[in-house]
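Notes for the structure review
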Amino acid sequence: SPIIIVGAGVFGLSTALHLSKAGYSNITIFDRQPYLDNEYSTSNGADAASADINKVIRLSYGKEILHQKLAFEAIDLWNEWNKQIANSNAEDLPKGLCPGDKVWINCGFLRLSKDDKISTFEEETLENLEREGLRDTQYIIGDANDQQRANRNGLSDKFDPMGLRKRRGKIVGVYDTLGGFVHASKACYWALHLLYNANVRLVLGGNKGTVTKFTRSVQGVTNGVKTADGLYHQADLVVVAAGPWTTTLLPHTSTLLEATAGTVAYIQLPPKQQRPDLWDKYAPENFPVYSWGGWGKGHGLGGFPRTETGIMKIGYRGTKYTNYQTVRDPRSGKNLRVSQPVTAYWPEKQDPQITKQGVDAIKGVVRDLFPELMPCGISGVRNCWYTDSLDNSFVIDRDPEDKGLMVCSGGSGHGFKFFPILGREVVNIIENPMSKNEYAKLWRWRAVDSGPKNGLEEGEQGPRVWNKQRMATREDWKFQE
C-alpha cells in the first residue's frame, strides 16, 4: 500500500524508518526543504525545528513514566547509531559524517536550581529512577552520600563547572549522568541516509516536494496529495508530520496543536589559540548540558557545551511565542486564525530577530553562569519554531473523521530524544487502530473541555503573540558592564 509522509523532520523520518523496517516498501516522503543538498544545516538554509546544531537528551520526566521509559529505550538505539557510524567505511557514509563521528554525546545533564531548592519535578524524577534501580546514576549536589560517590567516581568537577559555589556560596541541583545531547542536523542526515539505502522515495525541495493540497474521495477520505508542481500523488494513508506547519496544512488541528517559538542565542568563543582555557573548559568532555532554574518547566533556560567550532548555544523557552495568521480550512470552508512560524526564511528571507524579553533572559544566564563570556557578546540568534500540543504529549493518531489521514506532530519541545524509537510506536498505532497500547492512548486525538491547555486557550488574545513583542536590536545583544 502506498504511504505518503509529509515532513522530513524527526517525526517523519522516524516513521519512515520503522515502516521500512516493518516491511512496508512503498513509502514516499515529501518536504519543501532540500535536505539532500543542505544536509539539515541551518547555516546552509535548513529551516525547521529538527535542523539544529544540538538538542538535549534527558531521561528526567517527573511523574511521566511512559516518556521516561521510552527515553531509556531510545538511548539504546542512539548508541546503536553511534556504533553503525563507527563501523562504517568512510566512503559509505553520507557527506559530513566520518567513522569517528558520534551523533549522541553522553556528557551528562546538570540541572541547577535558582531558588536553592530541589524542585518537586526533580524529586519525582529521583523517586521514579530509584524504583527502577537507577538512583546511582543521579547525584544530588550537596548530598553528603552523593558527594562521596562522586569523589570515588571522579565526577566532582561536573557538579560546578561554572564556579558558582565560589561566586554564590552555594549551589543546589542534580547531576544526571544519563543525559547529554545529540548533534541534531547530523542525526537527521544520518537517518535520511538510512532511508535512501532502504529505497524510501525522497521528494525533497522545490515545487516537487511542496505539498499544497490533500485530495479526498467522494466519501471524504484522504487519498493523496497535490504538490506545487501540479502533480497528484495517490496514497492509502497520508501521515502529516510537518512540525509547526501542521496546523497550516491542516487548520482543523489547531484545537490540538499550536506553533510556538523558543529563543536561541549563540556565543562564539575566541579563537582556540587565543583562549585555549575556554575551549578546554567548555568542551563536551569537561562540560555538561545544563539548565538554570528548570528545563521545560518554570524558567526554561539552559544550554550546551561548545561545538567543534567553539559556539555556545543558549536557549530560552520560558515564553513560547505565537504568530497568528488567517488560513482557510478546506474541510469547513472557513477562515481560521492559526499560529504560523516566522523565520529567517519565511515568509521572506530576512535577518533573524528575537524578542527583547528572550535576549534579556539569555543575557541573564550568561551573567549568572558565564561572566567570563560577556566580553564575547552574542554572535547570532534564532527562533526555533516547535509544535506544542494542548498538554505537552504528542498527537499521533488517525483523524477520527478521516481514516486516510494521520497526524504525527506535537513534539512540544521534547520530541527529538525519541528520534530512533518513535516510529516504532507510530507503526503500532497504524497497524492496531482498535487496540491502543499505552502510548497510543497517551498520544490519541483528544480535547480538553475546560481549564488550561498549555497556552492554546489564550489564542491571539494572549500576551505571547509575535506582533505584541518588542524585538531586540543588535545593540540589545551587547553586555553592558
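Residues numbered from 1 in each chain as written. Predicted model: local features only at pLDDT ≥ 70, side-chain atom pairs only at ≥ 80, totals over all residues. Heavy atoms only, no water.

Inclusion rule: UniProt positions are given in the numbering used here, feature names are shortened, and annotations may be inferred rather than shown by experiment.
An unreviewed UniProt entry lists the protein chain under the name FAD dependent oxidoreductase, from Lojkania enalia. Of the comments in the UniProt record for the protein chain, the one headed Cofactor (unreviewed entry) reads "FAD".

What about the layout of surface pockets?
To keep things clear, this is the line we draw: Here a cavity denotes grid points, spaced 1 Å and computed from the protein atoms alone, that fit a 1.4 Å probe unable to get out, and a pocket denotes an open set having protein on both sides within 12 Å along at least 5 of 7 lines; residues with an atom within 4 Å of a point are the lining. Grid points are joined across faces, edges and corners, and a volume is the space filled by probe spheres set on the points. By the criteria applied, helices consist of DSSP H or I runs no shorter than four residues and strands consist of E runs no shorter than two, each listed in order from the N terminus. As a working rule, the residues Ala, Val, Leu, Ile, Met, Phe, Trp, Tyr, Cys and Pro are called nonpolar, Asp, Glu, Lys and Arg charged, and the rest polar, with Gly in that last group.
Taken as a whole, the second largest pocket spans an internal volume of roughly 1200 Å³. As for the second largest pocket, its lining consists of 45 residues, of which S41, T42, S43, I53 and Y266 are closest to the centre. Counting only elements with at least two residues in the lining of the second largest pocket, the list comes to α8 (184-197), β20 (380-389) and α15 (474-477). When residues in the lining of the second largest pocket are grouped by element, the largest group, four residues, is from β20. Within the lining of the second largest pocket, the residues separate by chemical class into 17 nonpolar, 19 polar and nine charged.

Thoughts on the packing of aromatic side chains
Working definition: an aromatic ring pair is given by the centre-to-centre distance plus the angle between the planes. Counted only if it meets this: Pairs were defined over the aromatic rings of Phe, Tyr and Trp, the Trp ring being its six-membered one, requiring ring centres within 6.5 Å. Orientation was assigned from the angle between planes: stacked under 30 degrees, edge-to-face over 60, tilted for the rest. Only protein chains enter the calculation, and the probe is 1.4 Å; a residue is then buried if its accessible area is under 20% of its type maximum, exposed if over 50%, and partly exposed in between.
A complete count under the given rule lists 22 aromatic pairs for this structure. The interplanar angle of 35° and the centroid separation of 6.2 Å between the aromatic rings of Y61 and F418 together place this pair among those described as tilted. Linking Y61 in the loop between β3 (55-57) and α3 (65-86) with F418 in the loop between β22 (402-409) and α13 (419-431), this pair joins segments that are 357 residues apart in sequence. When sorted by exposure, Y61 lands in the same class as F418, which is buried. When the centroid spacing of 5.7 Å and the interplanar angle of 80° are considered together, the rings of Y282 and F370 count as edge-to-face. Highlighted residues: Y282 in the loop between α11 (276-281) and β15 (289-292) and F370 in the loop between α12 (356-369) and β20, separated in sequence by 88 residues. F370 shares its class with Y282; the two are buried.

With respect to the sheet that holds β22
This is how the line gets drawn: DSSP-based pairing: two strands are paired if at least 2 bridges between them are found. Whenever a helix is involved, its axis is fitted only over the stretch in contact; in every case the axis is a line through C-alpha atoms, and angles between N-to-C directions fall within 0 to 180 degrees. By definition, residues are in contact when any of their heavy atoms lie within 4.5 Å.
Here we have six strands laid out as an open sheet, ordered β9-β2-β1-β13-β22-β21, and mixed in their pairing. Edge positions in the sheet fall to β9 (201-204) and β21 (395-399), since each has one partner strand and no second. Adjacent strand axes in the sheet meet at a mean angle of 15° when their direction is disregarded. Where helix α1 (residues 10-21) meets the sheet, it contacts β1 (3-6), β2 (27-31), β21 and β22, and its direction lies at approximately 170° from that of β2. Here α13 sits on the sheet in contact with β13 (237-240), β21 and β22, set at roughly 25° to β21.

Brief notes about α1
The periodicity of an α-helix, 3.6 residues per turn, causes residues three or four places apart in sequence to face the same way. Condition: Take the number of residues in a helix, subtract one, and multiply by 1.5 Å to get its expected span.
Along its 12 residues, α1 runs 16 Å from first to last C-alpha, staying within 8% of the 16 Å computed at 1.5 Å per residue. Within α1, 10 of the 12 residues are buried, which leaves the element mostly enclosed by the surrounding structure. Every buried residue of α1 is listed here: V10, F11, G12, L13, S14, T15, A16, L17, H18 and L19.

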